[in-house]
Number of protein chains: 2
Amino acid sequence: MSAHTQHRGELHRAVAARLSEHDQQYTANRRAVVDALVAAGGPITLPELLATDATLAQSSAYRSLATLIESGIVRRLVHVGDHALFELDEHLTEHHHHLICETCGTVVDVTLPDRVERTMDDAFDAVASAAGFAPSHHAVDIYGTCTHCQT
Amino acid sequence: MSAHTQHRGELHRAVAARLSEHDQQYTANRRAVVDALVAAGGPITLPELLATDATLAQSSAYRSLATLIESGIVRRLVHVGDHALFELDEHLTEHHHHLICETCGTVVDVTLPDRVERTMDDAFDAVASAAGFAPSHHAVDIYGTCTHCQT
DNA sequence: TTGCTTGCAAATGATTTGCACTGCT
DNA sequence: AGCAGTGCAAATCATTTGCAAGCAA
């Protein structure tokens, strides 16, 4: 079980280690991207990421994200709007799912009880095997309307 | 529980009714798009859709899909590759989830036991309410490797 | 030096849209 | 006639990439 990285320093060490495993360096740019994601505390778009660090070039941010994704440090989420969402991989945070507001597009992290996760995993393993798939992980999106968007 | 539309004619009638509710007509183009989706039996990309009917113009297919999506007849799935995936809405088929091959991008429909769906719904309602969300529906993606892509 | 990283500007490519035309109603 | 739907070609816009310069081993 991968550590839920609690401290900033610990997280950066974990990121550096993972990059190194993939023969990648932990450059200032990549660290800036990771910092922005940590600060955000949830999925953010590229424009949002750039807004937190005006020195970052757009193309470099995309390139850093690509590297971080390949090394399993960042996860890219399905579009809710026109921009992709980026968040730290679960190895660095914890297993969670997403609550998505169908009106404003806000995405919030949620965790489910272990009991439910176990029930789901068992069921997913069963249906995946039945279809000849070797399952690796799952993602749950719960759609609805957030407080702010309810009339 | 909305009817699982079994017969082609019944489905077309349901589509026509839904379009009509939204003050839209069931034109030849839109019917062609629906036919292609029915024939596919699962999520397909726009190029795949066009391949099944050479007379369909790309822009018209996109426009028909947009109309069908607005009327709740078609669902657009999150990108697995560069193309979006389109499938018939669950009102016209049945509640299901997706098995996604991380190697080749193939997407297969799967259904879960009612017991599991109930467990999930209860849990989702609970976490959504806790976050102030009014949940409407959910989507589960199970990632893994398909038979064909396993070494 | 040698190779990875970066910024800028230009390219790419899925999706959207302007416009003129066709076909319902 | 009047308006929705369609095809073509052109526009959009997030994301990617070529290239020249900066930096680390």
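Residues numbered from 1 in each chain as written. Chains lettered and ligands numbered in written order. Predicted model: local features only at pLDDT ≥ 70, side-chain atom pairs only at ≥ 80, totals over all residues. Heavy atoms only, no water.

### Concerning the overall build of chain A
Part 1 of the reasoning: The helix and strand tally for chain A stands at five helices and five strands.
Part 2 of the reasoning: Starting at the N terminus and ending at the C terminus, chain A contains elements arranged as α-α-α-α-β-β-β-β-α-β.
Part 3 of the reasoning: For chain A, the spread of C-alpha atoms along the principal axes amounts to about 45 × 45 × 30 Å.
Part 4 of the reasoning: Taken over 151 residues, chain A has a buried fraction of 43%.
Part 5 of the reasoning: Taking as baseline every contact in chain A between residues at least 6 positions apart, the subset at least 24 positions apart corresponds to 47%. (Helix = DSSP H or I, 4+ residues; strand = E, 2+ residues; numbered from the N terminus. Buried < 20%, exposed > 50% of the residue type's maximum accessible area, 1.4 Å probe, protein only. Contact = heavy atoms within 4.5 Å.)

### Regarding the protein's contact with DNA strand D
Part 1 of the reasoning: Inspection of the region around DNA strand D gives 18 residues, with A:Tyr62, B:Asn29, B:Arg30, B:Ser60 and B:Arg63 positioned closest.
Part 2 of the reasoning: Of what DNA strand D places within 4 Å of the protein, 69% of the atoms are sugar or phosphate.
Part 3 of the reasoning: The side chain of A:His83 places a nitrogen or oxygen atom 3.4 Å from a phosphate oxygen of DNA strand D.
Part 4 of the reasoning: For the surface near DNA strand D, the secondary-structure elements that each account for two or more residues are helix H4 (58-70) of chain A together with helix H2 (28-40) and helix H4 (58-70) of chain B.
Part 5 of the reasoning: With four residues, H4(A) is the largest single contributor of residues to the surface near DNA strand D.
Part 6 of the reasoning: Residue classes in the surface near DNA strand D are distributed as three nonpolar, 10 polar and five charged. (Near = heavy atom within 4 Å. Polar contact = N/O pair within 3.5 Å; in protein donor to acceptor, adjacent residues only side chain to side chain. Nonpolar A, V, L, I, M, F, W, Y, C, P; charged D, E, K, R; others polar.)

### Focus on the nonpolar core
Part 1 of the reasoning: Grouped together as the largest cluster of nonpolar side chains are 28 residues, with contacts concentrated most on A:Leu112, A:Met120, A:Phe124, B:Leu112, B:Met120 and B:Phe124.
Part 2 of the reasoning: Residue assignment for this core shows that the elements contributing at least two residues are strand E3 (97-101), helix H5 (114-130) and strand E5 (134-145) of chain A together with strand E3 (97-101), helix H5 (114-130) and strand E5 (134-145) of chain B.
Part 3 of the reasoning: Ignoring sequence-local partners within four residues, the contact set of B:Leu112 consists of A:Ala123, A:Phe124, A:Val127, B:His97, B:Glu117 and B:Met120. (Core = buried A, V, L, I, M, F, W, Y, C linked by side-chain atoms within 4.5 Å.)

### So, the interface of chain A and chain B
Part 1 of the reasoning: At the junction of the two partners, chain A supplies 36 residues and chain B supplies 36 residues.
Part 2 of the reasoning: Between chain A and chain B lies a buried interface of about 2,900 Å² when both sides are counted; carbon and sulfur atoms form 71% of it.
Part 3 of the reasoning: Across the chain A-chain B interface, the total number found is 12 residue pairs in polar contact (both at pLDDT 80 or more).
Part 4 of the reasoning: Elements with a minimum of two residues in the side of chain A that touches chain B: E3, strand E4 (107-110), H5 and E5 of chain A.
Part 5 of the reasoning: Sort the elements by how many residues they give to the side of chain A that touches chain B and E5(A) lands first, with 12 residues.
Part 6 of the reasoning: Of the residues contributing to the side of chain A that touches chain B, the split by class is 22 nonpolar, 11 polar and three charged. (Buried area = accessible area lost by both parts, 1.4 Å probe.)

### Focus: the protein's contact with DNA strand C
Part 1 of the reasoning: Residues in close proximity to DNA strand C total 18 residues, the closest being A:Asn29, A:Arg30, A:Ser60, A:Arg63 and B:Tyr62.
Part 2 of the reasoning: Taken together, the sugar and phosphate atoms account for 67% of what DNA strand C places within 4 Å of the protein.
Part 3 of the reasoning: For DNA strand C, a phosphate oxygen lies 3.2 Å from a polar atom in the side chain of A:Gln24.
Part 4 of the reasoning: In the environment of DNA strand C, a phosphate oxygen lies 2.3 Å from a nitrogen or oxygen atom belonging to the side chain of B:Tyr62.
Part 5 of the reasoning: Sorting the residues of the surface near DNA strand C by element identifies helix H2 (28-40) and H4 of chain A together with H4 of chain B as the ones contributing at least two each.
Part 6 of the reasoning: The element that contributes the greatest number of residues to the surface near DNA strand C is H4(B), accounting for four residues.

### Concerning the side chain of B:His98
Residue and element names in this part refer to chain B.
Part 1 of the reasoning: Within the fold, His98 resides in strand E3.
Part 2 of the reasoning: Within the structure, His98 has its side chain in polar contact with the side chain of Glu87 (distance 3.3 Å).
Part 3 of the reasoning: At 3.3 Å, the side chain of His98 forms a polar contact with the side chain of Asp109.

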